[in-house]
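Per-entry structural report
Below are the chains, spelled out letter by letter.
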Amino acid sequence: MPDRPGRGASRHRPPRVGLIVNPIAGLGGRVGLKGSDGEGMAARAIELGAEPKANHRAAAALRALVSAWPSGLPAPELLVAPRSMGEDAVREVGLAPDFSVDVLPDPADGPTTAGDPTTAGDPTTADGPTTADDTKRLATRLAGLRVDLLLFAGGDGTARDVHAGLLGTHAGGATGRAANGGDLPPVLGIPAGVKIQSAVYATSPAAAGRLAAEWLASASRKTEEREVLDLDEAAYRRGEVRPALHGYLRVPAERRVQDRKAPTPPDESVAFAGIAEAIVEQMGRAADGMRWILGPGTTVRAVADRLGVPKALVGVDVVEWREDGARLVAQDGGEQAILRALDGRSARIVVTPIGGQGFLFGRGNQPISPAVLRAAACGRAPRDTLIVVATPGKLAALGGRPLLVDTGDDRLDAELAGHVTVVTGHRDRAVIRVAVA
Amino acid sequence: MTAADEAPATVGGSAASVPSARPHVSHRGPAEAVAGTSSPHAIAPKPFPRRFHQASWDEPVIFELSTPGARGVLLPPIEPGIREAVGNPAADLPAGVGRARPPQLPELAQLHVLRHYDRLSQENLGVDLNIDVGQGTCTMKYSPKVNEGLVRSHKLAELHPLQDESTVQGILELMWRLERFLAEISGMDRVTLQPAAGSQAIWTNVAMIRAYHASRGEAAARDEVVTTIFSHPSNAAAAKVAGYRVITLYPDPETGHPSLDALRAAVAERTAALLVTNPEDTGIFNPEVDAFVRVVHEAGGLAAYDQANANGILGITRARDAGFDLCHFNLHKTFSTPHGSGGPAAGACGVTGELGPFLPAPTVERAADGTFALDHDRPQSIGSVRPWYGVAPNLVRAYAWIRSLGPDGLRAVSETAVLNNNYLLAKVLEIDGASAPYAAGKRRIEQVRYSWETLAEATGVHSEELGVRMADFGTHYWTSHHPFVVPEPMTLEPTESYSKADLDEFAAMLREVAREARETPETVHSAPHASTIHRIDPSWFDDPERWAVTWRAYLRKHGERRAAEAGRAAAGVSASHAADA
């Protein structure tokens, strides 16, 4: 659930903050390589004259954290990864003595596994190579040390590795599904990578440091779940933007200064509840036995919560609605499982765009394939089966950009394009343009 | 009106030192006082930015000032003759009406009451005190003080709404004439002055829309209202209170206003009405608004024009000319009456003849013999939206303001407001990190919703924080409604009241704060340093367990201990006293 309160600021115990730096993050950007993921990319970037910047960015975040730390509270204990993975950034800042710093043992000293081929790094520093596996292992370790907040500097690949590490598994790659950020320690990304699609990053290193300080010092320590997205860098280098949803992580909810004229924006959970109520009312008006395909995401999960059925946060489920309640017909299904669950009957499809991206189809919800969309429509226009849900905040963050569809079927994409009504609250709708990606 | 004043000579000269990041420390050292010695103010130098410091009385809540037994007025004893003649007037009250115990009101002497409220008044900013262009969408303009003399006159102040109509012909005539003025300004046939606020006027329009559809047997079939994200949110709110489902249109990223295609996708046979502001809160005028109205009319819906933002279009364009069926004005914005901070202000609704029967009752009518009367016999009326007929003092102020200007003067008001706004727009866009999203290169009408997104990305300083820091210079600005569709928003509305020097000073203050965000961000993060209070903790507004709008609720939720902790010795007395109740 959103807004899970953390342990809250204690006047007695210093908060414990973990720091992981992906030292090669951002290397590929300025030399035009579009990221440093993939075998040989970091070395290639260095050849082209790229300078590692991630440690400087982490240091900038630490400086902001220190300067924003309230004088009355005990200073945080920093648990940092060794050498270029965190320690260097701390040395660059030269922290005051009241900030205690513990350097973790080198992850390479632990049991080793083969480097993850998608994000493995290359030798970049005098003290030896760092790999995606190092990030994962360090994240696992810091979670075990019960950090109040885990700061990490990097890009989307780093966020993905941190997510995998926190899940305590190295299998959290492109198909990772167990991804419920709600059970993991809160994290906050310091942007240092070339591509930042994930919503777990602050807008700048300074913003990350400041937010970390304010959040750790606050009594409530409210958090929100945000998407971990990563592009396929090989495709990105070919000019294709293909972000995939890997899971959710809990990040500090930013407490903005109160406005004098506008009321506090309601909690996201209020918007979720209103949307869920609207959908469940709509279910009540539909024919008994109707199948409802529920796409991934926290907004759609709120509908499942309201129905009392379990929901795969990163997967697609099918429920059947009857007057006496809802029943799960397919859980976390692939295309074929969903088609079987429909059993030739028409269905409605509840989906939410990926936050910040606006992708309605083709990113993170591929099981809702062209075949599923056409089967659900049962001969009618596929867009008539759609129920798009999104909070007003998510729509605002689109900045006027349209929602995007990329189902892999050009004709279907063209049919889905146009204007769509989006359920934004109990009795609230918005009209938003849908375009072919 | 805009004076042709020259800009201050010392803009942006950065004589200011870095203010302390800690509260309660003066943020201007004495060294700066000499910074302007080369200026004409050699004896009393006036460096930029001005060395503002607001009063901070650390004043308790009035309940905490209570001393049991203290009185403001000691009433004389009742004379025996009166006592005998009247008896006990309370004896005739029905049982259960009287209180068992007196209400827990604060007990203070007159001086202490006066001093309390004088102190609070010093801890405020207002249009008479600061360069109030930052309260965008509120149309903060000068309210001529001569009009205060009119409304304080016993001729108005001692009127009573229950007086016989024959004895209040003057105020009825004034109301009738004001309605005619507003009908002329909007192009509408009939006007009501009953609502006490802008949102209440929107509500009145929605109620008339509902009554209109009900009169045609379509009340249930038409259950949707269309509005835009940059229209005032009271449009959506009023529609929801009336039971409508609300469909919100988002702006086209190029033009800043919704496209006709988006409107067509939203309008259907279920559409009861379009409720729209124009220019919207961005200051961008939708040039297709007449086509919007046509699309809604073709679907059988009505179109209502929220003219709270009318200050840039007086005498230039009219709601009726774009085909609207209803509109409303905020007299406390465009027509110069005080805002009242939550009321009473004054709203005015204009409608076409077709919707006239649904106007709130009573209406002011002129008989054939030239006399005026209130007409309560209006069978199709939505009923009364407010006791009596409008906020009379504000109606007198608005009437006087319109009469003092005349048609040409009203147009000059709008032209000046638009000129001021576009001058300030040019000045703000010179500041590194500021932008005016949408409609690039195009002028705005009477206000602009700016964005500090570039600055925020570079510095981590949010727009709200810049607005708070402005308090250290004796002003402020407002961001926008939620959600922030324009990221890091700032909404400025310089009305016709401000001089060029005012606008230059305001822009220079913004430039200074933006400079601080880059060079000494901690100064901004920890602001305000020279204002009444440092920061409030907004999390209280999210938490029903903590928020309290009355002292009684505060004590209930926070307990005697908390109240005693918070206050002085007097507070402890008051709290235990109240806890007995």
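Residues numbered from 1 in each chain as written. Chains lettered and ligands numbered in written order. Predicted model: local features only at pLDDT ≥ 70, side-chain atom pairs only at ≥ 80, totals over all residues. Heavy atoms only, no water.

Considerations on the side chain of H213 of chain B
Counting through the fold element by element, H213 of chain B comes out in helix α6 (residues 198-215). Once residues lying within four places of it in the same chain are set aside, the contact partners of H213 of chain B are E218, A219, R222, A272, G300, G301 and L302 of chain B. (Helix = DSSP H or I, 4+ residues; strand = E, 2+ residues; numbered from the N terminus. Contact = heavy atoms within 4.5 Å.)

Considering unusual backbone geometry
For the bond from A361 of chain B to P362 of chain B, the omega torsion is -5°, close enough to zero to count as cis. Locating P362 of chain B in the fold gives a position in the loop between β7 (347-351) and β8 (363-366). The backbone phi angle of D343 of chain A is positive, close to 55°, even though this residue is not glycine. With respect to the secondary-structure elements, D343 of chain A resides in the loop between α11 (335-342) and β11 (347-351). We note that T137 of chain B has phi near 75°; this positive angle belongs to a residue other than glycine. By secondary structure assignment, the location of T137 of chain B is in the loop between α2 (110-122) and α3 (146-152).

A few points about a nonpolar patch on the surface
Residues and elements named next belong to chain B. A grouping of I78, I82 and V86 is seen on the molecular surface, where their side chains present a nonpolar patch of about 280 Å² in accessible area. Within the element layout of this structure, I78 appears in the segment before α1 (80-86). Take I78: its relative accessible area is 51%, and that puts it in the exposed class. (Patch = residues over 30% accessible without salt bridge, like charges linked within 9 Å, V, L, I, M, F, W, Y side chains within 5 Å. Areas by Shrake-Rupley, 256 points an atom, 1.4 Å probe, with all protein chains shown as cover. Salt bridge = Lys/Arg side-chain N within 4 Å of Asp/Glu carboxyl O. Buried < 20%, exposed > 50% of the residue type's maximum accessible area, 1.4 Å probe, protein only.)

Some details on the confidence of the model for chain A
All names here are of chain A. Looking at chain A as a whole, its pLDDT mean stands at 80, while 76% of the residues score no less than 70. In this model residues 1-8 is a low-confidence stretch, pLDDT under 50, and it forms 30 contacts with partners more than four residues away in sequence or in other chains. In the model, residues 258-264 has pLDDT below 50 throughout and makes 27 contacts with residues more than four positions away in sequence or in other chains. (pLDDT = per-residue confidence, 0-100.)

What to know about the sheet that holds strand β1 (residues 16-21) of chain A
Residue and element names in this part refer to chain A. On the basis of which strands lie adjacent, the open sheet formed by five strands has the order β3-β2-β1-β4-β5 and parallel pairing. A strand with exactly one partner marks an edge of an open sheet, and here the two such strands are β3 (100-103) and β5 (187-191). The sheet shows a mean angle of 20° between the axes of neighbouring strands, taken without regard to direction. Direction of pairing for strand β4 (residues 149-154) relative to β5: parallel, over a ladder of five bridges. The residue bridging A153 from the neighbouring strand is I190, located in β5. Of the strands in this sheet, β1, β2 (77-80) and β4 touch helix α5 (residues 132-144), which is tilted by about 175° from β1. (Pairing = 2+ DSSP bridges. Axes fitted to C-alpha atoms, helices over the stretch in contact; angles between N-to-C directions.)

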